[in-house]
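A structural walkthrough
For reference, the chains in residue letters:
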Amino acid sequence: MKTDILIIGSGCSGLYCALHLPKEMQVTVITKSDLESSDSFLAQGGICMLRDESDYADYFEDTMRAGHYENDKTSVEIMIRSSQQVIEELLTYGVDFQREKDGCLAFTKEGAHSTSRILFHKDITGKEITKKLLTQAKKCSHIQLLEYTTMLDIITKDNRCYGAVVRKPDGEIEAIEAAYTVFATGGIGGLYEHSTNFRHLTGDAVAAALRHKIAVQNMNYIQIHPTTFYTPNKEERRFLISESVRGEGAKLYDKNMRRFVNELLPRDELTAAILAQMEKDDMPHVWEDLRTIPPKELQAHFPNIIAHCARMGYDVTKECIPVVPAQHYFMGGIRVDYNSCTSMLRLYAIGETACNGVHGKNRLASNSLLESLVFAKRAADDIAIRRNAQRTDSFCAVDLKQYENYKKMEAENKRSVRQEIMAQSLK
C-alpha cells in the first residue's frame, strides 16, 4: 500500500493534522482500535483559550508554575498565542461550547489556574471536539480512515522514515509506504494497573522510537490525576472525576469527613496530599463532595459524571463519592521541535506521544487538547512546505516475516518503554 501521508492514531491531534494537510495529498489515518477509542474522546474538563492580552502573562505563568518551570518557554508561547485561532476554527466545525445567557462563550476555572479561561461542553469536551473533527475528516475524499490497524514498526533507512509495517484487521501483515509519517498514538496508560487511559494505549510510537534510536525526552514525567472514581476492580479503566468539579467548588474529605487540602493545588501536589491522607487513614481512597456545587450547575455541567456515579450506586446530590489518584497523562515522549519534527527525517510526532516541552514536569489542567491541536497543525504546515522537495531516495523493502510473532513484539515494546521510564527516573 502507498500513501502520501501516514498518520498513526485517530485522536484529536491525528485528525486535526489530517484536516490541515493539502487536499491534493492522499492521507491515510490508521488506528489500533475503533475510531472513537482514543483518549481524546475521554477528556472531560475543557480546552484553554487566551481570552485577551491582559491574561497572557498570568496564563504563561500558570503553565510554567504547574510545570515546575521546566517547560520550554517558546513552546508555551506558541501554544497560548495560537489558542484563539484554534478555537475559532473549532467553532466553524460546529463544536458546541457552553455559552452564557447573552450568547458569549462561557469560561470555567480548574486547579492551578489563576482565572477562568477554560471552554467546555458539559463534562465531555474531548468527545465534542474529537467527534466534530472526525465528522469533518469523513467528509474528505483525500483522507482514508482505517480501523483496527496496528502499527508494528516503522520502516527506516539512514535515519529516514519510509512508512510503517501494520497488522490489518484480518491479521495480514502489510507495509505502508509513505512520503511522511506522523506518530499520533496517544498515551501509555495501558502499561499501568490504574489508569484513566484506554487499555490498548501502550506507547507503541515510543517503543518504535527507542528501537530506531529516535530521541526521546522526559520519559519519567508522568502525571497522576488526583481524582478518579474508586472501584476495587483493578481491571476497569479508572473513570475521571474532572478537575472542573473542584474548580466549581467540590471538596475533598478524609475518612472522618474533614476537609484536609486545598482542592485547587496543581495536580502533582494534590495527588501527593491525597496519597499521604490515604496512608494516614489506612484507606484505599478519600471522599469527594459534589454537594457544594449548586444543583443547577451540577446538572448542566457534569451530567456524564453524575450518570456514572449513579451507575456505581452513588447519588452525588446526597452523598460523597470515593476517589483515588491514577495514571493519567504522559508529559514526556518523543522529542520534537516547534514544528513537531522528530530526530528522524520525514517523521513527525504530535499529541500525547510527543514531547515539545509545553507541559514541563507537570501539565496544567486543560492544556492538553489545546497543545495537541496547535502542534498538530504546525506539523501539517511543515509537511505542506516540504512536500515539493525532491526525494532522491527510494522505498526500502522490508522482510515482513519478522513481524509474524506480533504478540512477542508487543510484549517487548511494553518492556522497553517501562525500562526507559525507569532508567530516566533513576538519573
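Residue positions are given per chain, counting from 1 as you read along its sequence in written order. Per-residue local features of the predicted model are confined to residues with pLDDT of at least 70, and side-chain atom pairs are confined, for both listing and counting, to 80 or more; whole-chain, interface and lining totals are unaffected and use all residues. Think of the side-chain values as coming from all heavy atoms in the structure, minus any hydrogens and water.

1. With respect to the overall build of the protein
Note on conventions: DSSP H or I runs of at least 4 residues are helices, E runs of at least 2 residues are strands, and numbering of each starts at the N terminus. Assigned secondary structure in the protein consists of eleven helices and 16 strands. Expressed as lengths along the three principal axes of its C-alpha atoms, the size of the protein is roughly 65 × 50 × 40 Å. For the protein, with 427 residues in total, the buried portion stands at 58%. For this analysis, residues touch if any pair of their heavy atoms sits within 4.5 Å. Look at the contacts in the protein between residues 6 or more apart in sequence, and 72% of them connect residues 24 or more apart. Of the roughly 17,700 Å² that the protein leaves accessible, carbon and sulfur atoms contribute 47%. Relative accessibility thresholds used throughout: buried, under 20% of the residue-type maximum; exposed, over 50%; partly exposed, between the two (1.4 Å probe, protein chains only). Accessible surface area values rest on a Shrake-Rupley calculation with a 1.4 Å probe, where residue burial reflects the displayed protein chains alone.

2. Description of empty space enclosed by the protein
Buriedness of a pocket was judged along seven lines, with at least five required to meet protein on both sides within 12 Å; pockets are open sets of points on a 1 Å grid over the protein atoms alone, cavities are sets where a 1.4 Å probe fits but cannot get out, and lining residues have an atom within 4 Å of a point. Grid points are joined across faces, edges and corners, and a volume is the space filled by probe spheres set on the points. In this structure the tally under the stated criterion is one cavity of 30 Å³ or more. Its boundaries defined by the atoms lining it, the largest cavity holds a volume of some 50 Å³. Around the largest cavity, the lining residues are Y329, F330, M331, G351, E352, A354, C355, N356, G357, V358, H359 and E371. Looking at the lining of the largest cavity, the elements that each hand over two or more residues are β13 (321–330) and β16 (354–355). Classification convention: Asp, Glu, Lys, Arg as charged; Ala, Val, Leu, Ile, Met, Phe, Trp, Tyr, Cys, Pro as nonpolar; all other residues, Gly among them, as polar. Classifying every residue of the lining of the largest cavity gives six nonpolar, four polar and two charged.

3. Remarks on the pairing of β13
In terms of burial, β13 is largely enclosed, as ten of its ten residues are buried. Here strand β12 (residues 286–289) runs beside β13; their pairing, made up of three bridges, is antiparallel. Pairing of E288 across the sheet is with I321, part of β13. At least two DSSP bridges between two strands are required for those strands to pair.

4. Structural notes on the packing of helix α2 (residues 56–66) against helix α3 (residues 73–92)
Throughout, an axis means a line fitted to C-alpha atoms (over the contacting stretch in the case of helices), and angles, computed between N-to-C directions, take values from 0 to 180 degrees. Interaxial distance between α2 and α3 falls to 10 Å at its minimum, and their mutual angle equals 130°. The pairing of α2 with α3 is recorded here as oblique in orientation. Considering the relative orientation of α2 and α3, their crossing is right-handed. Two secondary-structure elements touch here, α2 through Y56, Y59, F60, T63 and M64 and α3 through K73, V76, E77, M79, I80 and R81. Residue composition of the contact of α2 with α3, grouped by class: seven nonpolar, one polar and three charged. Orientation labels follow simple angle bins: below 35 degrees gives roughly parallel, above 145 gives roughly antiparallel, 65 to 115 gives roughly perpendicular, and whatever is left gives oblique. A clockwise turn of the near helix away from the far one marks a right-handed crossing, whereas an anticlockwise turn of less than a right angle marks a left-handed crossing.

5. Details of the packing of aromatic side chains
Note on aromatic pairs: the rings of Phe, Tyr and Trp (six-membered ring only in Trp) are paired at centre separations within 6.5 Å, and the planes decide the class, stacked below 30 degrees, edge-to-face beyond 60, tilted for the rest. Tallied over the entire structure, the rule returns three aromatic pairs. On the basis of an interplanar angle of 75° and a centroid distance of 5.7 Å, the ring pair of F229 and Y314 is categorised as edge-to-face. Pair noted here: F229 is in strand β10 (residues 222–229) and Y314 is in the loop between α9 (303–311) and β13, with a separation of 85 residues, a long-range link. We count a charge as sitting over a ring when the NZ of a lysine or the CZ of an arginine lies within 6 Å of the ring centre and within 35 degrees of the ring normal. Seen from the ring of Y56, R81 lies directly overhead, with NZ or CZ sitting 3.8 Å from the centre.

6. Some details on the layout of surface pockets
Roughly 240 Å³ of volume is contained in the second largest pocket. What lines the second largest pocket is a set of 15 residues, and nearest its centre among them are H194, M278, P284, V324 and P325. Only α7 (267–281) and β13 provide two or more residues apiece to the lining of the second largest pocket. With four residues, the top contributor of residues to the lining of the second largest pocket is β13. Along the lines of polarity and charge, the residues of the lining of the second largest pocket split into nine nonpolar, four polar and two charged.

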